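Given next are the chains, with one letter for each unit.
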Amino acid sequence: MAFAVCLQLIPPLKEMTLKAGLGGFDINKKGTPMGEHKVPESLGIVPGVLHIMCVIVFQVYYYLSEAPDTPWLVALADYNAALAATIFMLFLGFVDDVLELRWRYKLILPPMASLPLLISYAGSTTVIVPNPFAAVLGRVVDLGVLYKVYMCLLSVFCTNSINILAGINGLEVGQSVIIACAVIVHNALQLSSESGAAHLFSIFFLVPFLATSLGLLYFNWYPSKVFVGDTYTYFAGMTFAVVGILGHFSKTLLLFFIPQLINFVYSLPQLVGIVPCPRHRLPKYNTQTRLLEATPNMNLVNLTLRITGPLTERSLCIVLLAFQTLCCFIAFGIRYTWVGEMFYED
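Enquirer: I'd like to hear about the overall build of the protein chain, residue by residue, with values.
Expert: The helix and strand tally for the protein chain stands at 15 helices and six strands. For the protein chain, the C-alpha radius of gyration of 20 Å lies close to 20 Å, the compact-globule estimate for 346 residues. Expressed along its principal axes, the backbone C-alpha trace of the protein chain runs to roughly 60 × 50 × 35 Å. Counting the 346 residues in the protein chain, one finds 51% classified as buried. When contacts within the protein chain are restricted to residue pairs at least 6 apart in sequence, those whose partners lie at least 24 apart make up 70%. As presented, the protein chain carries roughly 16,200 Å² of accessible surface, and 70% of it is formed by carbon and sulfur atoms.

Enquirer: Break down the packing of aromatic side chains for me, with residues and values.
Expert: Counting across every chain of the model gives 15 aromatic pairs. Between the aromatic rings of F157 and F264, the centroid separation amounts to 6.1 Å while the plane-to-plane angle is 85°, which identifies the pairing as edge-to-face. In this pair, F157 sits in helix α7 (residues 145–164) while F264 sits in helix α12 (residues 258–271), placing the two residues 107 residues apart along the sequence. Residue F264 is classed as partly exposed on the basis of its relative accessible area, which comes to 31%. Judged by centre distance (6.2 Å) and plane angle (15°), the ring pair of F209 and Y232 falls under stacked.

Enquirer: Can you explain the packing of helix α3 (residues 76–99) against helix α10 (residues 229–246)? Please cite residues and give values.
Expert: It is at 7 Å that the axes of α3 and α10 come closest, and there the two elements cross at 160°. Comparing the axis directions of α3 and α10 gives the class roughly antiparallel. Between α3 and α10 lies a crossing whose hand is right-handed. Between α3 and α10, the residues in contact are D78, A82, A85, T86, M89, L90, L92, G93, F94, D96 and D97 and G229, D230, T231, Y234, F235, M238, T239, V242 and L246, respectively.

Enquirer: Can you break down the nonpolar core residue by residue, with the values?
Expert: Among the nonpolar cores identified, the biggest contains 81 residues, and F205, F240 and V242 are the most heavily contacted of them. For F205, the residues in contact, after removing those within four places along its chain, are H51, V55, Y79, A82, L83, T86, T239, V242 and V243.

Enquirer: Give a description of a nonpolar patch on the surface that names residues and reports values.
Expert: Side chains of F264, V265, L268, L271, V272 and I274 sit close together on the surface and give an oily, nonpolar patch of about 530 Å² of accessible area. On the secondary structure map, L271 appears in helix α12.

Enquirer: Run through the environment of G229, naming residues and quoting values.
Expert: Of note, G229 is situated in helix α10. Along the backbone, G229 and H199 are 30 residues apart, and their C-alpha atoms lie at a distance of 29 Å. Those residues in contact with G229 that sit more than four places away from it in its chain are S42 and D97.

Enquirer: Give a detailed account of the pattern of salt bridges, specifying residues and quantitative values.
Expert: Evaluated as defined, the whole model comprises two salt bridges. In this structure, the salt-bridge partner of D26 is K29, at a minimum N-O distance of 2.6 Å. Of the residues examined, D26 reaches a relative accessible area of 6% and is grouped as buried. By relative accessible area, K29 is classed as buried at 4%.

Enquirer: Which residues make up the packing of helix α13 (residues 300–308) against helix α14 (residues 313–335), and what are the values?
Expert: Two elements in contact, α13 and α14, have axes whose closest approach is 11 Å; the angle formed by their N-to-C orientations is 105°. Between α13 and α14, the angle is such that the two are roughly perpendicular. Here L300, V301, T304 and L305 of α13 lie close against α14, whose contacting residues are L316, V319, L320 and F323. Grouping the constituent residues of the contact of α13 with α14 by class yields seven nonpolar, one polar and no charged.

Enquirer: Account for helix α9 (residues 196–220), with residues named and values stated.
Expert: In this model α9 runs 35 Å from its N-terminal to its C-terminal C-alpha over 25 residues, within 8% of the 36 Å that 1.5 Å per residue would give. In terms of burial, α9 is a largely internal element, 21 of the 25 residues being buried.

Enquirer: Give a description of the side chain of S176 that names residues and reports values.
Expert: With respect to the helices, strands and loops of the structure, S176 is situated in helix α8 (residues 171–189). Look past the residues within four positions of S176 in its chain and what remains in contact with it is I162, F209, Y232, A236 and F240.

Enquirer: If you had to explain the side chain of Q270 to someone new, which residues and values would you point to?
Expert: Looking at the element boundaries, Q270 is found in helix α12. Excluding residues that lie within four positions of it along the chain, Q270 makes contacts with V275, P276, C277, P278, R281, N297 and M298.

Enquirer: Please give an account of unusual backbone geometry that cites residues and values.
Expert: Residue P223 is reached from Y222 by a cis peptide bond, and omega for that bond is -10°. For P223, the position within the fold is in the loop between α9 and α10. A positive phi is found at R290, a non-glycine position, where the angle reads about 60°. Mapped onto the elements, R290 comes out in the loop between β5 (284–286) and β6 (291–293). Classification of R290 as exposed rests on a relative accessible area of 63%.

Conventions we followed
- Once a new chain begins, its residue numbering starts again from 1 and follows that chain's sequence as written.
- Reporting of local features is limited, given that this is a predicted model, to residues whose pLDDT is at least 70; pairs of side-chain atoms are given and counted only at 80 or more, and all residues count toward the totals for whole chains, interfaces and linings.
- Calculation of side-chain values draws on the structure's entire complement of heavy atoms; hydrogens and water are dropped beforehand.
- Secondary structure elements are defined from DSSP: runs of H or I of at least 4 residues count as helices, runs of E of at least 2 residues count as strands, and each element is numbered from the N terminus.
- Every radius of gyration here is taken over C-alpha atoms, with the globule rule written as 2.2 Å times N^0.38, N being the number of residues.
- Accessible area is worked out with a 1.4 Å probe on protein chains only. A residue is then buried under 20% of its type maximum, exposed over 50%, and partly exposed in between.
- Whether two residues are in contact is decided by their heavy atoms: any pair within 4.5 Å suffices.
- Only the protein chains shown count as cover for residues, with accessible areas throughout obtained via the Shrake-Rupley method and a probe of 1.4 Å.
- Aromatic rings from Phe, Tyr and Trp, taking only the six-membered ring of Trp, are treated as a pair when their centres fall within 6.5 Å; an angle between ring planes under 30 degrees marks them as stacked, one over 60 as edge-to-face, and anything in between as tilted.
- All axes are obtained by fitting lines to C-alpha atoms, using only the stretch in contact for helices, and the reported angles, taken between N-to-C directions, cover 0 to 180 degrees.
- In these notes the angle categories are as follows: under 35 degrees is roughly parallel, over 145 is roughly antiparallel, 65 to 115 is roughly perpendicular, and the rest is oblique.
- Take the far helix as the reference: if the near one is turned anticlockwise from it by less than a right angle, the crossing is left-handed, and if turned clockwise, right-handed.
- Joining through side-chain atoms within 4.5 Å is the link that ties buried Ala, Val, Leu, Ile, Met, Phe, Trp, Tyr and Cys residues into a set, and such a set is a nonpolar core.
- Patches were defined on residues exceeding 30% relative accessible area and lacking a salt bridge, with like-charge contacts within 9 Å and nonpolar side-chain contacts (Val, Leu, Ile, Met, Phe, Trp, Tyr) within 5 Å.
- Whenever a carboxyl oxygen of Asp or Glu lies within 4 Å of a side-chain nitrogen of Lys or Arg, that contact is scored as a salt bridge.
- Classification convention: Asp, Glu, Lys, Arg as charged; Ala, Val, Leu, Ile, Met, Phe, Trp, Tyr, Cys, Pro as nonpolar; all other residues, Gly among them, as polar.
- Expected span of a helix: the number of residues minus one, times 1.5 Å.

Any link to function would need more than the numbers given here.
So this is what it looks like as structure tokens:
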């Protein structure tokens, strides 16, 4: 239902955003007829609002239908903290699309949005030491407040990692859809574990997210009829941070973010100012060959083009999403094999 409603709402709302001045030209189509028309921006607000409404409906039904003493019941404080964090980041993303905030504000505000999560977090602050180092450090180490600092940094990373691996039609939403599918599969496999209630909470959060994101992807796929904006990337990133923290699988979540981690490390010299960083770190569109070519900008999009050579925008997006899918399979291989046993099994 959320998918169908999203498909129905985006067409009229994209006209409203254009009238409000929220539109931009597709830089990767400059010099072509498609590059001459403004594309509506910030349409990530549609799946964001729909997702929040679905989660609230789930919350009401869940707490009215389940017995108070059931082991599947998630603390109401956790549910409300998750909602508060995602609503704040959705609002921040929309404000960024309208006001174009500077990077220092983008780094300061996500930790503030994560405060409800950190306050309501009642899980363990210990980490399991891999077997090779357990004899020296002990099997379990309590990090205390440092673990909450790690969770705060996780929320900052998730909200910005999808935002900086972007710039071509369908990439932001496509990678989010793939990660959401992987996390839902992981949650389903863990429902019989001691933390089954936390994984059920994650499923409640991610199923409507996946449905609304698929609706947005329909319009954002090449050639894009709408741009998702920072509204969607911040909202998506915080959604993953929320389920990873309150679902108690933050380490596993990072395994699904392998391409985003690679992109962040590779982009770091530009992000910290060692190498000049333009506002748009996009590939260059060649009007003669109609292909995208790599530029000196340091991100995974341009790195892929250096490896493969010039590609069409659609093909480039498919290659990057295929890599995201491959990394998720690798993540499952790590998590559910002997490698994972070093971190998750005694």
